[in-house]
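# Observations on the three-dimensional arrangement
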Amino acid sequence: SGNVIAAAISPDARYIAYVESDQGLQSLWLRQLASGQTLRLILERPVAYWGLTFSPDGNNVVFGLRSPGDPDGAFFSISTLGGAQRRLLSGIDSAPAFSSDAQRMAFVRTRFPSAEESALMVAAADGSDPKALAVYRLPEFVAPIFFAGPTWSPDGSRIVTAVGRLGSAIADARARLDSVALADGSVSVLSDPGWLQAAQAQFLPDGRSLLVIARASQQLNSQIWHVRS
């Protein structure tokens, strides 16, 4: 259509969920890859979608949504067959990441627990019991980061997230990847190659490496990087 602004592939690689934007209105769609058939899950509305993903079983599309009546944003879930959307959790600033056992989700939240801090959060998959796993204080931050998204390791032991650091000038800004242990919240640096910016990260299925959207100092645009874990 030429109007697609976001997309996600299902775990079984049979479907694509995507967002279309046209003249300030956005709609959510599902496309079956084998047949090319499409289903409009949600009609056009004056809202902003982001952080599109599938639940681990592929039965639902989970997305972040901001609207004039909900400026802080929330996660919602809708069946791949369509129907009513279900609100999961409010106060979100990234795409959701689900654990491999489908029991928990991770995300980042800005201005939490204070105005000078941001946090890597963990909650149950239904949005209940949200807790801060790691908290960063300015000049370091995990939110707000454009197109941020943490990733859960396949063995469920850790979460990797992009971390930014403010500099005295834009050219002095830095970004890296941190690995946070689920057992005790301990933080270690996974990769720090001198990026200016880093955004979404995603573990590959073998758990030994990740794909990361980041920009190096000599680059005008971001690219996809391959990082050993």
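Up top you'll find the structure we're talking about.
In this section: the nonpolar core. One finds Leu120, Leu133, Ile159, Leu177, Trp195, Leu210 and Val212 to be the most contacted residues of the largest nonpolar core, which totals 31 residues. At the level of secondary structure, the elements contributing two or more residues to this core comprise strand E10 (104–110), strand E11 (117–124), strand E12 (131–137), strand E15 (158–165), strand E16 (174–181), strand E17 (187–195), strand E18 (197–203) and strand E19 (209–215). When neighbours within four sequence positions are excluded, Leu133 is seen to be in contact with Leu120, Met121, Val122, Ile159, Val180, Ala181, Leu182 and Gly185. Formed by 18 residues, the second largest nonpolar core is a distinct cluster that contains Leu41, Leu52, Leu65 and Ala74.

For the structure shown, the criterion picks out nine salt bridges. For Arg66, the salt bridge identified is with Asp93, shortest N-O distance 2.9 Å. A residue pair is termed long-range when its members are at least 10 positions apart, and Arg66 in strand E6 (residues 60–67) and Asp93 in the loop between strand E8 (86–90) and strand E9 (97–98) qualify at 27 residues. In this structure Arg66 comes out as partly exposed when scored by relative accessible area, which is 28%.

Here we take up the sheet that holds E12. Spatially, E9-E10-E11-E12 is the arrangement adopted by the four strands of the open sheet, whose pairing is antiparallel. Lying at the two open borders of the sheet, with one neighbouring strand each, are E9 and E12. By the bridge criterion, two bridges tie E9 to E10 in an arrangement that is antiparallel. The partner of Phe98 across the bridge, within E10, is Met105.

Rules and cut-offs
Residues numbered from 1 in each chain as written. Predicted model: local features only at pLDDT ≥ 70, side-chain atom pairs only at ≥ 80, totals over all residues. Heavy atoms only, no water. Core = buried A, V, L, I, M, F, W, Y, C linked by side-chain atoms within 4.5 Å. Buried < 20%, exposed > 50% of the residue type's maximum accessible area, 1.4 Å probe, protein only. Helix = DSSP H or I, 4+ residues; strand = E, 2+ residues; numbered from the N terminus. Contact = heavy atoms within 4.5 Å. Salt bridge = Lys/Arg side-chain N within 4 Å of Asp/Glu carboxyl O. Pairing = 2+ DSSP bridges.

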